[in-house]
Every structure is written in structure tokens, then in C-alpha cells.
Amino acid sequence: MRLRNVPGSREAIAESEFTINEPQNYKGKWNEVFGNDKPIRIEIGMGKGKFITQLALDNPDINYIGIEKFSSVLIRAIEKRTELDIDNLFFIRMDAETIADCFAEGEVDKIYLNFSDPWPKDRHAKRRLTSKEFFARYDKILKKDGVVEFKTDNNLLFDFSLEQIPMAGWNIVEFTRDLHNDEKMNAGNVMTEYEERFSAKGNPINKLIANR
Ligand code: SAM
């Protein structure tokens, strides 16, 4: 995502009632943030939050947390959030590298990764959100029978992910290289901002679901 600096966004995010500013303080206590024990699902690298906001609107019995490292896009999600009368969506501005410091073992019900940055240079492979290093972090926070769902139009990143996930000791439960023409995997699909953009250009969308 190419980002323009949005002046004042960092401060506005920190002051928002929808941002959790010191997420490590809530490790093991996210039910207190939401005021209930409903399952918690997170999207890592949510950009402007179109996908996770739609999920929160559609599923009031599930709690959602959107995680994004760049203020300039997160601020757009917060602006939209302020217009909504829902109580099941919060945001964290952070680099997901330290995600295991913020959630306790088994505290997360599901993890969504959508159109994650490809980091094309080999020496940056560990930064890819589907690298085995990141799956080792997800292993620490995702409940035992929880799943990671990943969508991308980037075939190289998808191939890399299909290799790395088993290397991290996880299983690929199912996958498709053409989500929008896969009746079963596409059922109930909520499109992300990038998914709309790239599928409009004719790019097939890859999706995989992983568990361990
Ligand atoms: N998920 C959205 C979608 O599908 O429309 C946005 C996709 S955009 C290409 C990827 C986003 O992931 C960017 O906003 C980027 O800042 C964020 N991101 C990448 N690595 C991250 C990390 N380690 N921690 C948090 N956010 C990250």
C-alpha cells in the first residue's frame, strides 16, 4: 500500500476511543476490553479496514480487532468506525512482529491475512506475514482448533506461503487459486479493498486456510 503521510493521524489514532494504545497491557484480558466473552478474531495488516468493519457489522456475536502498522491508513478505518453504532470492533496501531506480546495463548479465535505485503526481496522473507516466523507467532496466540485465512492475488507470495506454512508445522486445510470461481470457498466471501481493486483488473484471487 503506497502511503501518503496524513498529518495529525498518529495523534488522532492515539486519542480515539476505538484504539487500544498499549495492547500488551491487555494480554489475556481482551474480554475486559469488549465487556464480554465472545470469540475474538483479528485481521493483521487491515489497511483502511473495509473487510474487518464489514465482518463486525455482519457478526455482532464476534469481537474483532484490526491491526495495522501505518497511521495514514488506520485513521481512515477509525473515521468510518466513529459513524457506526457497534461495540465489537477495536484497532491497534502496531507492527505485528510483537503480536505474541499482546494476546495470551489461545486468546484469538481466528486470524485473517488479506493481500499482505509481498516483500519480494529474499532477504526480507521473514517480514512476510505468511513466513514460518510469523506462523510461529500465530501458534502462540491462536486457539488450538483455530484457523488462519489468507487471501492474495500475488502468485509468488501464495506459492511461498504454501511452502512455509507446513514448514512451520501447520496444515493447509484447503486452498484455491481462483476464489471467485470456487463456489465452496467463495461462499460468504467478504471482499477487501485490495481484492476489489485487483479482481476488477481481472487478477484471480488465491485463498488458503491453515490450521495445526
Ligand atoms: N488488508 C487490506 C486489503 O486487503 O485491502 C490492506 C492490504 S495492504 C497491501 C497491506 C497492509 O498491511 C498495509 O496497510 C501494511 O501497512 C500492513 N502491514 C504489513 N505488514 C504489517 C505488519 N508487520 N504489521 C501490521 N501491519 C502490517
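Use the structure listed above.
Note that the coordinates shown come from a computational prediction; the quantities given were computed from them, not determined experimentally.

The rules behind the values
Residues numbered from 1 in each chain as written. Predicted model: local features only at pLDDT ≥ 70, side-chain atom pairs only at ≥ 80, totals over all residues. Heavy atoms only, no water. Helix = DSSP H or I, 4+ residues; strand = E, 2+ residues; numbered from the N terminus. Rg over C-alpha atoms; globule rule 2.2 N^0.38 Å. Buried < 20%, exposed > 50% of the residue type's maximum accessible area, 1.4 Å probe, protein only. Contact = heavy atoms within 4.5 Å. Pairing = 2+ DSSP bridges. Axes fitted to C-alpha atoms, helices over the stretch in contact; angles between N-to-C directions. Near = heavy atom within 4 Å. Polar contact = N/O pair within 3.5 Å; in protein donor to acceptor, adjacent residues only side chain to side chain. Areas by Shrake-Rupley, 256 points an atom, 1.4 Å probe, with all protein chains shown as cover. Nonpolar A, V, L, I, M, F, W, Y, C, P; charged D, E, K, R; others polar.

Undergrad: Would you explain the overall build of the protein chain in this entry?
TA: Across its full length, the protein chain holds eight helices and seven strands. Relative to the 2.2 N^0.38 estimate, which gives 17 Å for 212 residues, the radius of gyration of the protein chain is 16 Å and therefore close to what a compact globule would have. Based on the C-alpha atoms only, the size of the protein chain along its principal axes is roughly 40 × 35 × 35 Å. Residue burial in the protein chain is summarised as follows: out of 212 residues, 48% are buried. Put simply, 75% of the contacts in the protein chain that link residues at least 6 apart link residues at least 24 apart.

Undergrad: I would appreciate a short explanation of the sheet that holds strand β2 (residues 63-68) in the present structure.
TA: Strand pairs in the sheet, formed through backbone hydrogen bonds, run parallel or antiparallel to each other. Read from one edge of the open sheet, seven strands run β3-β2-β1-β4-β5-β7-β6, paired in mixed fashion. A single partner strand is all that each edge strand has here, and the edge strands are β3 (89-93) and β6 (171-176). Ignoring strand direction, the axes of neighbouring strands in this sheet form an average angle of 20°.

Undergrad: Could you clarify how one ought to interpret the site of the ligand in this entry?
TA: Taken together, 19 residues form the shell around the ligand, and within it Gly 45, Glu 68, Ala 96, Thr 192 and Tyr 194 come nearest. The backbone of Ala 96 places a nitrogen or oxygen atom 2.9 Å from a nitrogen atom of the ligand. Protein burial of the ligand: of its 600 Å² of free accessible surface, 97% is covered by the chains. Tallied by class, residues from the shell around the ligand come to nine nonpolar, four polar and six charged.

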